[in-house]
Amino acid sequence: MQARPSSPEAGSSLFSSPAGRKVWAVLIHLVIVLAAWFACQGGIVIDSVKLPFTTRFVSLGWWSVPLTMVWLWAVTRALAATNRLPGLTLGLMGLICATLFLVMKMQPQPAAAWAAAAAGALAAVGAFGFLVTLRGHILLPDIVSTALGFAVAVVTVGGALKNTAFLILLLPVLVLGAPIVDATYAMMQGGGLTITRRRERLHEVLLRRGLSPLQVTLLYLVMDACLCVLALLLVRIIVWHFAIKIVIITAFGVVGFVFFLSLIKLLMRAERTEEAPERVQLMDVTITPMTMQETVARIEEFIRSRQPHIVVTSDASAIMKAQEDEELHRIINTADLVTPDGIGVIWGARLLDLPIYERVPGVDLVAELCRVAAQRGYRVFLLGAAPGVAARAAINLQARYPGLTVVGTHHGYFSADEEPRLVEMIRAAQPDILFVAFGIPKQEKWIRRHIEALAVPVCIGVGGSFDVYSGRLKRAPLWVQRIGLEWLYRALIEPKRFIRLLILPKFMWMTLRHWLTRKITRGDIVRQD
Ligand code: UDP
């Protein structure tokens, strides 16, 4: 079920009109201010603060009450504002209060007993409520989320603020990180504080860009959990030199920002626009941004044209190899179609805002083309892999797609002398599609060398696909493929592949560098007629 933003009039038809909603919003603000004033009168007040990184206490004097009220109001609103997705407010409350509880237990001076008890109780309510609201897709009425926000705000003042010297300003900001990020994004978005236009919050952008409500909720909770860990770490090292703390906070901030941005970008779907480009470039390597369906349709056009075409399935390692191998670089960039194979390419493309919509891995393309070939009568030839593997794969594919015409198979371990005979054999078989499985870059270079002599409309390099279809290698379970960890699975079942993974950090670093320096932007997209 898709979560809907809660409406302020929840529970009352009196406030269902636009004007009524405004009145309701103002009423809620007034109630918070009033409650904050009463709390101050009851002794929940920040009377002095010890500034971060100093030993100096600053007495707030008559500022105490207004500042405490502002603080209580801000924390209440920050948490209440997360009440847009089932489970989010209660999950965040659970994390924040558990952290505050631990901080109160860890800090040198004991916190007020009531504050520790309240933090513990709110943490438990948050954890339990999170599970119930998440499972039931329940949004809290606004008055409830506001009350919970206020309770958390009171606990921050009563428990942590008075006693935790260094963290006086920092800790609540850290533990409230996720709500603050969401609200800040809304303020920054659109280039300023526009009052007339409703600002889109970060979670709304994420939902619009294809993340599920559950994914957004979990993302926020993980983000907040990381900030809570940092807050706890800072309490542990409270006596350390402030410079070390600054370094830790900065490092955490930078790594965390890049990590979450990458994660968000990876989860976001590219938006398809009218003028979607025919080709994009990722680190100077061409990719054709097409879905699997579009790729198959384009390949069918190639077959109908009867002219020879080269299709490359390009993953992160192919892109990295192309950086150092000029011939491969040229082959990919002049290929007729280059599919985005592998989660690395998708990640890189999303980080750089390139409109690549989905993975089109070689191994899936083989299956899809064989399915279509069986229906339309296209002839296929399987070339590559160890002796017997291509033949076994052909039998299995024919069993899976009855009617599939395999006009020939041959292994991929032949000498240069055998090549002319092999090329002639393929040419004579007259396939419509030639799958070549020698691994990148050998297959691409071989295809390029023989494309004219082969006279096959479509030649595709498909790496280790025959090993999979012959049954020699097991493919990762579907859920592993879905979460983008197939590469890890393959490395685990074939440990010699681990060495290839060394290329991935380099790929990620290069992509990040491009992104950071904004070398590749949408402006770099290459358009072709
Ligand atoms: N291979 C081949 N001839 C060679 C080298 C490799 O037929 O000279 C085959 C090898 O048996 C394997 C495939 O090419 O089936 C390469 O698979 P890999 O998974 O390494 O390729 P990737 O998909 O990673 O490019």
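Our subject in this report is the structure included herewith. (Residues numbered from 1 in each chain as written. Predicted model: local features only at pLDDT ≥ 70, side-chain atom pairs only at ≥ 80, totals over all residues. Heavy atoms only, no water.)

### Some thoughts on helix α18 (residues 442–454)
Then comes step 1: Taking 1.5 Å of rise per residue, the 13 residues of α18 would be expected to cover 18 Å, and the 17 Å separating its terminal C-alpha atoms lies within 8% of that figure.
Then comes step 2: All buried positions along α18 are accounted for by Q443, E444, K445, W446, I447, H450, I451 and L454.
Then comes step 3: Close packing links the buried residues of α18 with β5 (309–314), α13 (326–334), β7 (379–384), α17 (419–429), β9 (433–437) and β10 (458–461).
Then comes step 4: Residue A455 follows α18 closely and has a positive phi angle near 55°. (Helix = DSSP H or I, 4+ residues; strand = E, 2+ residues; numbered from the N terminus. Expected span 1.5 Å × (residues − 1). Buried < 20%, exposed > 50% of the residue type's maximum accessible area, 1.4 Å probe, protein only. Contact = heavy atoms within 4.5 Å.)

### As for the site of the ligand
Then comes step 1: Surveying the vicinity of the ligand reveals 16 residues, the closest of which are A385, G412, K442, D467 and R500.
Then comes step 2: In this structure, F438 approaches the ligand through a main-chain N or O atom, which is 3.4 Å from an oxygen atom.
Then comes step 3: Here the ligand, which alone exposes 550 Å², has 79% of that area covered by the protein.
Then comes step 4: Looking at side-chain class alone, the shell around the ligand contains six nonpolar, five polar and five charged residues. (Near = heavy atom within 4 Å. Polar contact = N/O pair within 3.5 Å; in protein donor to acceptor, adjacent residues only side chain to side chain. Areas by Shrake-Rupley, 256 points an atom, 1.4 Å probe, with all protein chains shown as cover. Nonpolar A, V, L, I, M, F, W, Y, C, P; charged D, E, K, R; others polar.)

### Things to note about the nonpolar core
Then comes step 1: Residues L72, M93, M104, V152 and L206 are the most contacted members of the largest nonpolar core, which totals 53 residues.
Then comes step 2: At the level of elements, α1 (18–41), α2 (64–80), α3 (88–106), α4 (113–136), α5 (142–161), α8 (202–208), α9 (213–236) and α10 (242–267) are the ones that each hand at least two residues to this core.
Then comes step 3: Once residues lying within four places of it in the same chain are set aside, the contact partners of M93 are L79, L122, V125, G126, L148 and V152.
Then comes step 4: Listed in part, the 48 residues of the second largest apolar core include M283, V338, F438 and F507. (Core = buried A, V, L, I, M, F, W, Y, C linked by side-chain atoms within 4.5 Å.)

### Things to note about the sheet that holds β10
Hydrogen bonds along the backbone pair up the strands of a sheet, which may run parallel or antiparallel.
Then comes step 1: The six strands lie next to each other as β6-β5-β10-β9-β7-β8, forming an open sheet whose pairing is parallel. With one partner strand each, in any of the chains shown, β6 (337–340) and β8 (405–410) form the two edges of the open sheet. When the angles between neighbouring strand axes are averaged without regard to direction, this sheet yields 20°.
Then comes step 2: Bridge count for β5 against β6 is four bridges, and the pairing is parallel. Within β6, the residue paired with V311 across the bridge is L337. (Pairing = 2+ DSSP bridges. Axes fitted to C-alpha atoms, helices over the stretch in contact; angles between N-to-C directions.)

### A word on the pattern of salt bridges
Then comes step 1: One pass over the full model with this rule turns up 14 salt bridges.
Then comes step 2: With its nearest N and O atoms 2.8 Å apart, the salt bridge here joins D432 to R306. In this pair, D432 sits in the loop between α17 and β9 while R306 sits in the loop between α11 (292–305) and β5, placing the two residues 126 residues apart along the sequence.
Then comes step 3: According to the relative accessible area criterion, R306 is partly exposed, its value standing at 46%.
Then comes step 4: Between R472 and D467 there is a salt bridge, and its shortest N-O distance comes to 3.1 Å.
Then comes step 5: Its relative accessible area of 14% is what places D467 among the buried residues.
Then comes step 6: Within the structure, one salt-bridge network assembled from shared partners comprises R359, D364, R475 and E486. (Salt bridge = Lys/Arg side-chain N within 4 Å of Asp/Glu carboxyl O.)

### A few points about the side chain of K245
Then comes step 1: Residue placement: K245 occurs in helix α10.
Then comes step 2: Only 3.3 Å separates the side chain of K245 from the backbone oxygen of W240, close enough to count as a polar contact.

### Some remarks on the environment of A335
Then comes step 1: Tracing the backbone through its elements, the reader meets A335 in the loop between α13 and β6.
Then comes step 2: Through-space distance from the C-alpha of A335 to that of V312 is 6.8 Å; in sequence the pair is 23 residues apart.
Then comes step 3: Once residues within four sequence positions are removed from consideration, A335 is found in contact with R279, I310 and V312.

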